[in-house]
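Residue-level structural notes
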Amino acid sequence: MKVFTAGLATETNSFSPVPTGEEDFTVIRGGVPDGPATPFEAPLQVFREKTKARGWELVESLCAHATPSGPTVKRVYEALRDEILGDLRAALPINLVLLNLHGSMEADGYLDCEGDLLAHIRALVGPQVPIGAELDLHCHPTRKMLAQATALIIYKEW
């Protein structure tokens, strides 16, 4: 069993005039460190622990998260999305995709970043590979997100 994990999260306040830029994201590549973690890093640690406990192969992509602000700059979102997709493409074939998302991320030209990311992932892995994502309690689930994911879990931690 080969599992792919990644995280991309920010809570967009669409009324905010302050865009979320590259400098606003904390980006960790190749797996989040063990030990104390932010709420956006902790689920990726759990994914790692559960995968390794089962003896499965794990491919960890990036974890990118930013504090709530205005819509993300288009090129920043596309670069982070495309990096995740590139890592996934390089890891194929995959048996399971697990993501930590927020569920209310917008970028210039994208009202549903999570739905867009999930659709791109679905196009790469095909209809048979399960895709699961954890979403923040403040998420805005969309039809696109529901159509592309196998399971969406809404949670509150802390």
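Going by the structure above, here's the rest.
The following paragraphs examine the structure supplied in this document. (Residues numbered from 1 in each chain as written. Predicted model: local features only at pLDDT ≥ 70, side-chain atom pairs only at ≥ 80, totals over all residues. Heavy atoms only, no water.)

Counting residues in each nonpolar core, the largest one holds 34 residues, and the members touching the most others are Phe-4, Leu-8, Val-97, Leu-99 and Ile-121. Those elements that provide at least two residues to this core are strand E1 (2–9), strand E3 (57–66), helix H2 (74–91), strand E4 (96–101), helix H3 (113–125) and strand E5 (131–136). When residues of this core are assigned to their parent elements, the largest contribution, seven residues, is made by H2. The contacts of Ile-121, once residues within four sequence positions are left out, are Leu-85, Leu-88, Val-97, Leu-99 and Ile-131. Counting residues in hydrophobic clusters, the runner-up holds nine residues, among them Val-32, Leu-44, Phe-47 and Leu-96. (Core = buried A, V, L, I, M, F, W, Y, C linked by side-chain atoms within 4.5 Å. Buried < 20%, exposed > 50% of the residue type's maximum accessible area, 1.4 Å probe, protein only. Helix = DSSP H or I, 4+ residues; strand = E, 2+ residues; numbered from the N terminus. Contact = heavy atoms within 4.5 Å.)

Moving on to the packing of aromatic side chains. If you walk through the whole model with that rule in mind, you get one aromatic pair. For the cation-ring pair, Arg-54 lies above Trp-56, with the distance from its terminal atom to the ring centre recorded as 5.6 Å. (Phe/Tyr/Trp six-rings, centres within 6.5 Å; stacked < 30°, edge-to-face > 60°. Lys NZ or Arg CZ within 6 Å of the ring centre and 35° of its normal.)

Quick look at the sheet that holds strand E6 (residues 151–155) now. The strands making up a sheet associate through hydrogen bonds between their backbones, and the pairing can be parallel or antiparallel. Taken in spatial order, the six strands line up as E2-E3-E1-E4-E5-E6 in an open sheet, and their pairing is mixed. Lying at the two open borders of the sheet, with one neighbouring strand each, are strand E2 (25–28) and E6. For this sheet the average axis-to-axis angle between neighbouring strands, irrespective of direction, equals 15 degrees. Note: E5 against E6, five bridges, orientation parallel. What sits directly across from Asp-136, in E6, is Tyr-155. Across the face of the sheet, helix H1 (residues 42–53) comes into contact with E1, E3, E4, E5 and E6 while running at roughly 175 degrees to E3. Across the face of the sheet, H3 comes into contact with E1, E4, E5 and E6 while running at roughly 170 degrees to E4. (Pairing = 2+ DSSP bridges. Axes fitted to C-alpha atoms, helices over the stretch in contact; angles between N-to-C directions.)

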